[in-house]
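# Commentary on secondary and tertiary structure
One letter stands for each residue in the lines below.
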Amino acid sequence: MIGFLAIGAMRAYADAIQDVQSRVRESAGQVQLKGSSSMQARKMRIREAISVPSPFGEIGQSVKGSPSAGIWFLVPLLIHLTIQVVHAYLDRAPDFDEAIYMNLARNFVRTGELIHSVYPEKPFFMHPPLFYYLVSLSFALFGPGLEAGRLVSSLMAVGNLGFVFSFLRKARGERWAAAGTLLVAVNPAFLYYGHSVYMEMTVAFWMTAALWAFARAGAGQGLRWERWAGVFLGLACVTKYYAGVLVAVMALVILIQEHRENFIRVRRLAALLGPVAIAGMVWVAWGLALGGRDFIGAQFSWGIPEPPGSIYSWRRVTNEAFIRELVGVLTPPFACLAALGLAVAARRAWRSGSLRRGGVEMVLVIFPLAYLLFLMTFREKDVKYIVPVIPALGVLIGLAPTLEWVKRLPGWSRWTGTLLLAALASPLLPLYDPVTQQRHDNLWVFGVRRDAEYRRYRDAGILAGGETKPGQVVACQRKGPIIGYYADRQYVDVWGFSPGMAVPFLESAEIVILDRNTEYLSPQEQATFRESVKQDFQQIGALPESGTPVLEIFRRIRRDAPSP
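Overview of the structure. (Residues numbered from 1 in each chain as written. Predicted model: local features only at pLDDT ≥ 70, side-chain atom pairs only at ≥ 80, totals over all residues. Heavy atoms only, no water.)

### Topic: the overall build of the protein chain
- On a plain count of helices and strands, the protein chain comes out with 22 helices and seven strands.
- Expressed as a percentage of its 564 residues, the buried residues of the protein chain come to 52%.
- Summarising the internal contacts of the protein chain: among those between residues at least 6 apart in sequence, 74% fall at separations of at least 24.
- Surface exposure of the protein chain reaches about 25,400 Å², of which carbon and sulfur atoms provide 62%. (Helix = DSSP H or I, 4+ residues; strand = E, 2+ residues; numbered from the N terminus. Buried < 20%, exposed > 50% of the residue type's maximum accessible area, 1.4 Å probe, protein only. Contact = heavy atoms within 4.5 Å. Areas by Shrake-Rupley, 256 points an atom, 1.4 Å probe, with all protein chains shown as cover.)

Structure representation (structure tokens):
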């Protein structure tokens, strides 16, 4: 709800600013008639020069609506929150990276040190710190736990929906805005990362906020909204680096925009890029102060190929399989509608001759294409990276029909079609994953259908959490961060450790989880490590319980405990 309240506050602030500026312009006009100063006349020329007519039905100007606009926003919002409540009860085991991020945030609250993880050789400096700080703030307010860890993403998802609704309401009216926002609200990828401890929804919020601010730039407002867009982009970049794609696109649009005076273009660029540069310099200075060579090495590691057979190597997929996977994650109906909206937007921009005028319309056309090209050339192809584009695609879908067509469309047919599309683009229908070559339904969004390996680690995490108390340590031989399900438990992930390296960590552990599928240890080393564990720990469970166990759970033997 914080995101929604922030949007309302910013809108009220923007309206107040517009009122003040309208009075200033009237006063400036009167002064100019009497012979204004050259500085005042120059400011007026800047406002007039950066005013950009829109081929999209005036995104920056409101379509006359009723006082019930907020009620229409409640329709997609309540549907989204209802599904998220189902998530809260069903998806109780976090993904691999979720628990790592929760552990970092928990350690920051506990020790005051952000970089304080025993995860072996993992360069945490590769990610900027803002997301970790937000999760740690949630932990500090509500205590360490899965719900508190996921709260940040949930609030950011609500904020994204608010921005999408604001975009479409101004261009097409509140009822059509509610229909377009609903398609984003039920998108499986948007739903999943809207309740996951991942950075994607947070960076999506900042990037969508930057688009929202940029839509108000160049409308006789001076450079105020360019600065706001720069602030949001700076926050996005210190959440995750790929936000730089939107920075480049907005800078390009300003560069190609026609201006009568070059100084106007320079000032707009400075207003946009200044906050981004400040955020980047602060992060670099902070990283160098904490990490030194480790920080520098982590940044260079993005461009260094992983050695063959490395346990940290990322999956290798072709661009064709990756595109098919993206379509499956977004759902084919949503992907097709997004492609149609993008094509219509590009056609309008071309036919209206606005390619040189710039503005948010050109950003909405260029940004998805540039971002997709970035993902296809980036070696770490992960479907979660598509999340920051989903709100922009939702805006393009909502802007595809003209305002006149929307007004002529009967209300009953509009909602019938929207609900049908929402059902087709929701977690209700099955999909095929070309990477894993599995056909599965979108109930993975709810955490109901998981593969057998994931379920074993989830069950091991639940068992280990039930056998420990807050503050006690769990040591795991592989995928130990699944234990982050209990964010108030500490864990030691000895993945990649030789027996000699791992044994010293056992001294602080209360529970040990051994994995017979660990690929980096030979059978002899596995047996050696297991014998070391059995000296001080007693087996209390195995998964599966019958047959050859894959996971074995051991609890420390209390030799000083009184005999029964």
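Now that the structure has been shown, we can carry on.
### A word on the environment of Arg216
- When you line up the elements, Arg216 lands in the loop between α9 (200-214) and α10 (224-237).
- Arg216 gets classed as buried once you look at its relative accessible area, which sits at 9%.
- Sequence-wise, Arg216 and Trp228 are twelve residues apart; in three dimensions their C-alpha atoms are separated by 9.8 Å.

### Here's the deal with the packing of aromatic side chains
- A complete count under the given rule lists 19 aromatic pairs for this structure.
- Both rings, one in Phe163 and one in Phe205, keep their centres 5.6 Å apart while their planes meet at 45°; by these two values the pair is tilted. Residue Phe163 is found in helix α6 (residues 146-172), and its partner Phe205 is found in helix α9; the two are separated by 42 residues along the sequence. Phe205 shares its class with Phe163; the two are buried. (Phe/Tyr/Trp six-rings, centres within 6.5 Å; stacked < 30°, edge-to-face > 60°.)

### Some thoughts on the pattern of salt bridges
- What the rule picks out here adds up to six salt bridges.
- Arg516 serves as the salt-bridge partner of Glu552, at 3.5 Å between the closest nitrogen and oxygen. One end of the pair, Glu552, is in strand β7 (residues 551-556); the other, Arg516, is in the loop between β5 (509-515) and α22 (523-536), and 36 residues separate them in sequence.
- Under the relative-accessibility criterion, Arg516 is labelled partly exposed at 43%.
- Each of Arg516, Arg530 and Glu552 takes part in salt bridges that share partners, so that together they form one network. (Salt bridge = Lys/Arg side-chain N within 4 Å of Asp/Glu carboxyl O.)

### As for the environment of Thr181
- Among the secondary structure elements, Thr181 is positioned in helix α7 (residues 174-185).
- A relative accessible area of 0% places Thr181 in the buried class.
- Residues Thr181 and Phe167, spaced 14 residues apart in sequence, show a C-alpha to C-alpha distance of 9.8 Å.
- Ignoring anything within four residues of it in the chain, the contact list for Thr181 reads Pro76, Leu161, Val164, Phe165 and Leu168.

### A short note on the packing of helix α16 (residues 360-377) against helix α17 (residues 390-399)
- Contact pair α16 / α17: the axes reach a minimum separation of 10 Å and the direction vectors enclose 130°. Our classification of the angle between α16 and α17 gives oblique. Handedness of the crossing formed by α16 with α17: left-handed. For the pair formed by α16 and α17, the contact residues are Leu364, Phe367 and Pro368 on the first element and Ala392, Leu393, Val395, Leu396 and Leu399 on the second.
- Of the residues contributing to the contact of α16 with α17, the split by class is eight nonpolar, no polar and no charged. (Axes fitted to C-alpha atoms, helices over the stretch in contact; angles between N-to-C directions. Parallel < 35°, antiparallel > 145°, perpendicular 65-115°, else oblique. Left-handed = near helix turned anticlockwise from the far one by under 90°. Nonpolar A, V, L, I, M, F, W, Y, C, P; charged D, E, K, R; others polar.)

### Looking at the nonpolar core
- Counting residues in each nonpolar core, the largest one holds 115 residues, and the members touching the most others are Leu211, Leu246, Met250, Val363 and Phe367.
- A total of 13 residues in this core trace back to one element, the largest contributor, which is α6.
- In this view, Leu211 contacts Phe167, Leu246, Met250, Val360, Val363, Leu364 and Ala392; residues no more than four positions away in its chain are not counted.
- Counting residues in each nonpolar core, the second largest holds 14 residues, with Val473, Ala502, Val512 and Val533 among its members. (Core = buried A, V, L, I, M, F, W, Y, C linked by side-chain atoms within 4.5 Å.)

### Description of unusual backbone geometry
- Note the cis peptide between Leu543 and Pro544, where omega equals -10°.
- Of note in this structure, Thr331 is not a glycine but carries a positive phi near 85°.
- When you line up the elements, Thr331 lands in the loop between α14 (319-330) and α15 (332-351).
- We classify Thr331 as buried; its relative accessible area is 3%.

### Some points on a nonpolar patch on the surface
- Among the surface-exposed residues, Leu137, Leu141, Phe142 and Leu151 lie close enough to one another that they form a single nonpolar patch of about 420 Å² accessible area.
- On the secondary structure map, Phe142 appears in helix α5 (residues 130-142).
- Since its relative accessible area comes to 58%, Phe142 is described here as exposed. (Patch = residues over 30% accessible without salt bridge, like charges linked within 9 Å, V, L, I, M, F, W, Y side chains within 5 Å.)

### Structural notes on the pairing of β5
- Taken across its seven residues, β5 has seven buried, putting it largely inside the fold.
- Pairing geometry for strand β3 (residues 473-476) and β5, over four bridges, is parallel. Counterpart to Val473 in the pairing with β5 is Ala509.
- Pairing between β5 and β7: five bridges, direction antiparallel. Residue pairing in the sheet places Val512 in a bridge with Phe554 of β7. (Pairing = 2+ DSSP bridges.)

### Focus: the sheet that holds strand β6 (residues 537-543)
- The five strands are arranged β4-β3-β5-β7-β6 in an open sheet whose pairing can be described as mixed. Here the strands that pair on one side only, and so sit at the sheet edges, are β4 (490-493) and β6. If you compare each strand with its neighbour and ignore which way they point, the axes differ by 20° on average.

Functional significance is not addressed by these values, which are geometric in nature.
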